[in-house]
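This is what each chain is made of:
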Amino acid sequence: MLNQFQAYLVQRGYKEFSISGNPSTAIDYAWRVAKVCEKKIIQRSNWLITSTPF
C-alpha cells in the first residue's frame, strides 16, 4: 500500500530521488507515514485506504 502511495506522489510531481541520487520527497513521505502509523499503532493499509484518493 505504501508503494501505491509513493507512486501517487510521483504522479503528482513529487520526486523519488534528488539530483545526487538520494531518496527525495515521495520516498520520504511514504517512510514518514509508516513511522507515524507505527508510533500510533494504526494499521497503515486502513489509514491509506481512507485517506488517499487513488
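What counts and what doesn't
Residues numbered from 1 in each chain as written. Predicted model: local features only at pLDDT ≥ 70, side-chain atom pairs only at ≥ 80, totals over all residues. Heavy atoms only, no water. Helix = DSSP H or I, 4+ residues; strand = E, 2+ residues; numbered from the N terminus. Buried < 20%, exposed > 50% of the residue type's maximum accessible area, 1.4 Å probe, protein only. Contact = heavy atoms within 4.5 Å. Areas by Shrake-Rupley, 256 points an atom, 1.4 Å probe, with all protein chains shown as cover. Polar contact = N/O pair within 3.5 Å; in protein donor to acceptor, adjacent residues only side chain to side chain. pLDDT = per-residue confidence, 0-100. Salt bridge = Lys/Arg side-chain N within 4 Å of Asp/Glu carboxyl O.

### What to know about the overall build of the protein
Check the secondary structure of the protein and you find three helices and zero strands. Taking all 54 residues of the protein together, the buried fraction comes to 24%. Taking the intrachain contacts of the protein between residues at least 6 apart in sequence as the baseline, contacts between residues at least 24 apart amount to 41%. Carbon and sulfur atoms make up 53% of the accessible area of the protein, which totals about 4,200 Å².

### Considerations on the side chain of Ser 24
Considering the arrangement of structural elements, one finds Ser 24 in the loop between α1 (2-11) and α2 (25-40). Sequence-distant contacts of Ser 24, that is, excluding residues within four places in its chain, are made with Lys 15, Glu 16, Phe 17 and Ser 18.

### A few points about the environment of Arg 32
Among the structural elements, Arg 32 can be located in helix α2. By relative accessible area, Arg 32 is classed as partly exposed at 47%. A polar atom in the side chain of Arg 32 sits 2.7 Å from the side chain of Asp 28.

### A word on the confidence of the model for the protein
Any residue range with low pLDDT should be treated as having predicted coordinates unsuitable for detailed reading. Taken as a whole, the protein shows an average pLDDT of 81; of its residues, 74% reach a score of 70 or greater. Here helix α3 (residues 44-51) stands out as the least confident element of the protein, with mean pLDDT 64; α1 is the most confident, with 88.

### Digging into the pattern of salt bridges
Enumeration according to the criterion identifies one salt bridge in this entry. Note that Asp 28 is salt-bridged to Arg 32, the shortest N-O span being 2.7 Å. Highlighted residues: Asp 28 and Arg 32, both in helix α2, separated by four residues, approximately one helical turn. A relative accessible area of 27% means that Asp 28 is categorised as partly exposed.

### A short note on the side chain of Gln 6
Along the chain, the position of Gln 6 falls in helix α1. Assessed through its relative accessible area of 15%, Gln 6 is described here as buried. Side chain to side chain, Gln 6 and Glu 16 meet in a polar contact 2.9 Å long. Leaving out residues up to four positions away in the same chain, Gln 6 has contacts with Glu 16, Ala 26, Ile 27 and Ala 30.

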